[in-house]
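Results of the structural survey
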Amino acid sequence: MAVDVLAHALASAGPDAPDSFTEAARRVVGYLSGHTPLATWSVSRVAGGEQVHVHVQPGAPTGPAGPLIETGQRVRWDDSFCRRMTLGAAHVVPDSAADPAYAGLPAASDVRAYVGYPISDDGGRLFGILCGVGEQPLTDPAEVDDALVELLSHLLSSHLAATRVADRGRRAARLAAALADTDALTGLMNRRGWDRLVEDAQERVGAFGDPVAVAVLDLDGLKQVNDAEGHEAGDDLLRRAAEGLRLVAGDGDRLARYGGDEFAILSNNVPVADLPDHFARFVTSLREHGVEASLGHAFAGPGERTVREAFRQADAAMYDVKRARRAG
């Protein structure tokens with residue numbers, strides 16, 4: 001039976017690393033894309049008021065307006081089909097235009113058929129959705145074995161829970177190693193520790209769609225302080241900067257002295273819409289410690305940009321801010 005084959009495939013993926021969940025999700029969406037009338041299937045992540053499609057079957061058909069779902073696509077959670085489903089609307093929607101629970105949604109004119117079941121994390125909380133969509137209504141809803149889709153969502157939930165538990169211990173060891181690589185002057189992570197942290201964050205972004213953002217800060221006037229007052233005064237400026245950053249860092253923030261007068265912040269689980277305010281408080285705290293700085297930030301996302309690409313974008317944004325401040 002198909003379910004036996006897929007259950008064996010999921011088990012053989014093994015919960016040994018984040019990429020095992022990636023493999024399991026890809027097997028599920030690949031099977032459903034090839035064995036149901038809905039050719040576009042996704043395993044998505046729900047976090048920070050958004051639904052982000054993390055694992056989508058490659059080569060899914062596109063309509064006049066492009067693909068219905070693609071990796072990295074972000075949808076406001078309150079406007080999504082999947083949100084309505086989790087609130088009690090139908091799991092299988094043969095024709096969204098004929099279903100009052102879905103007809104008024106922004107995507108209803110493009111998504112005419114829908115199937116969705118939730119995926120839970122290791123704490124029993126909503127992680128994301130296994131869903132399929134189609135541009136045309138289903139001519140025969142019985143062609144979709146909704147019991148199989150529900151079972152596959154449960155199997156993915158079980159695999160996710162095992163993967164997260166296994167990954168938690170590995171992440172704790174990686175974080176401890178990263179934090180042990182410290183900058184002697186400030187006590188923050190150094191460049192080597194930051195690189196370890198980025199590697200771990202990229203695994204989580206790619207496999208689970210975990211929300212990750214990066215900020216780059218460049219202090220103003222360090223060279224002038226060193227030249228005018230000496231390197232001891234410059235070192236004091238760097239230590240005050242590190243203290244200012246520490247005071248407002250939350251549990252999900254990781255701080256590093258990247259090099260010279262440049263600092264970096266990696267923030268976990270911050271909604272994209274909240275990032276400007278989240279990072280603004282670091283600049284405010286620095287100013288309260290007598291340190292002026294320019295900051296740029298960017299988020300990493302599956303199908304959008306890697307954590308390293310987010311760092312480069314944040315670095316470019318920081319220089320834009322610095323040029324604007326000088327011009328002003």
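As a reminder, the structure under discussion sits directly above these lines.
Residues numbered from 1 in each chain as written. Predicted model: local features only at pLDDT ≥ 70, side-chain atom pairs only at ≥ 80, totals over all residues. Heavy atoms only, no water.

**Topic: the nonpolar core**
For clarity, the cut-off: Take the buried residues of types Ala, Val, Leu, Ile, Met, Phe, Trp, Tyr and Cys, join any two whose side-chain atoms come within 4.5 Å, and each joined set is a nonpolar core. The classification of residues rests on relative accessible area computed with a 1.4 Å probe and restricted to protein chains. Under 20% of the type maximum is buried, over 50% is exposed, and intermediate values are partly exposed. Numbered from the N terminus, helices here are DSSP runs of H or I no shorter than four residues, and strands are runs of E no shorter than two.
With 26 residues, the main nonpolar core has L32, W41, V43, L130, V149 and L156 as its most contacted residues. Elements supplying a minimum of two residues to this core: α2 (18-35), β1 (40-47), β7 (113-120), β8 (126-134), α4 (146-180) and α5 (191-208). The greatest single-element share of this core, amounting to 7 residues, is contributed by α2. The next biggest cluster of nonpolar side chains, apart from the first, holds 23 residues, and it includes L188, L217, L237 and L286.

**Focus on empty space enclosed by the protein**
Gaps left between atoms are located by rolling a probe of water-molecule size over the structure's atoms. Quick note on the threshold: A 1.4 Å probe that fits but cannot get out identifies a cavity on a 1 Å grid over protein atoms alone, an open set with protein on both sides within 12 Å along at least five of seven lines counts as a pocket, and a residue lines either if it has an atom within 4 Å of a point. Grid points are joined across faces, edges and corners, and a volume is the space filled by probe spheres set on the points. Any residue that is not Ala, Val, Leu, Ile, Met, Phe, Trp, Tyr, Cys, Pro, Asp, Glu, Lys or Arg is counted as polar, Gly included; the first ten are nonpolar and the last four charged.
This model, assessed by the stated rule, comprises 1 cavity of 30 Å³ or more. In this structure, the largest cavity encloses a volume near 150 Å³. Looking at the lining of the largest cavity, the elements that each hand over two or more residues are β1, β2 (50-56), β9 (212-219) and β12 (293-300). The element that contributes the greatest number of residues to the lining of the largest cavity is β1, accounting for 3 residues. Of the residues assigned to the lining of the largest cavity, the class counts are 13 nonpolar, 3 polar and 4 charged.

**Remarks on the pattern of salt bridges**
We apply this condition: Salt bridges are defined as contacts in which a side-chain nitrogen from Lys or Arg sits within 4 Å of a carboxyl oxygen from Asp or Glu.
Going through the model one piece at a time under the given rule, you end up with 26 salt bridges. The residue D181 makes a salt bridge to R192 at a minimum N-O spacing of 3.8 Å. Here R192 lies in helix α5 and D181 lies in the loop between α4 and α5, a separation of 11 residues in the sequence. In this structure, K322 engages D220 in a salt bridge whose closest nitrogen and oxygen atoms are separated by 2.7 Å.

**So, helix α8 (residues 275-288)**
What counts here: In this analysis, the expected span of each helix is defined as 1.5 Å times one less than the number of residues it contains. As used here, the arc belongs to the directions running from the helix axis to the C-beta atoms.
In a regular helix each residue adds 1.5 Å, so 14 residues correspond to 20 Å; α8 covers 21 Å between its end C-alpha atoms and thus fits that length. Listing the buried residues of α8 in full gives L275, H278, F279, F282, V283, S285 and L286. Projection of α8 onto a plane perpendicular to its axis shows the buried side chains occupying an angular sector of 160°, all on one side. What points out from α8, more than 90 degrees from its buried face, is the exposed set D277 and E288.

**Some words on the environment of A24**
Locating A24 in the fold gives a position in helix α2. Relative accessible area serves as the criterion here: at 0%, A24 is assigned to the buried category.

**Quick word on the pairing of strand β10 (residues 253-259)**
For clarity, the threshold we go by: We treat two strands as partners when DSSP finds at least two bridges between them.
Taken across its 7 residues, β10 has 6 buried, putting it largely inside the fold. Hairpin connection, β10 to strand β11 (residues 262-268): the antiparallel pair is bridged by 2 residues, and G260 has positive phi, about 60°.

**Regarding the side chain of D315**
In plain terms, the rule: In this count, Lys and Arg are taken as positive residues and Asp and Glu as negative ones, while His and the chain termini are left out. The criterion used for residue contact is that any of the two residues' heavy atoms lie within 4.5 Å.
Mapped onto the secondary structure, D315 falls in helix α9 (residues 307-327). Despite its burial, D315 pairs with no opposite charge; the closest candidate is R312, at 8.8 Å N-O. Aside from chain neighbours lying at most four places away, what touches D315 is V216 and E262.

**Thoughts on the packing of α5 against α9**
If you want to describe how two helices pack, look at the angle between their axes and the distance between the axes. Short version of the rule: Lines fitted to C-alpha atoms define the axes here, with helix axes fitted over just the stretch in contact, and angles between the N-to-C directions of these axes take values from 0 to 180 degrees. Oblique is the label for every angle not falling under 35 degrees (roughly parallel), over 145 degrees (roughly antiparallel), or within 65 to 115 degrees (roughly perpendicular).
Viewed as axis vectors pointing N to C, α5 and α9 meet at an angle of 120°, and their least axial separation amounts to 9 Å. With respect to each other, α5 and α9 are oriented oblique. Contacts between α5 and α9 pair W194, D195, V198, A201, Q202 and V205 from the former with V307, R308 and F311 from the latter. Split by residue class, the contact of α5 with α9 holds 6 nonpolar, 1 polar and 2 charged.

**A closer look at the sheet that holds β12**
Read across the open sheet, the 4 strands follow the order β10-β11-β9-β12; overall the sheet is antiparallel. On the outer flanks of this sheet lie β10 and β12, each paired with one strand and no other. The mean inter-strand angle of the sheet, taken between neighbouring strand axes irrespective of direction, is 20°. Relative to β12, β9 runs antiparallel, the two sharing 8 bridges. Each bridged residue has a counterpart across the sheet, and for L217 the counterpart in β12 is L295. In the packing of α8 onto the sheet, the strands contacted are β9, β10, β11 and β12, and the crossing angle to β12 comes to about 155°.

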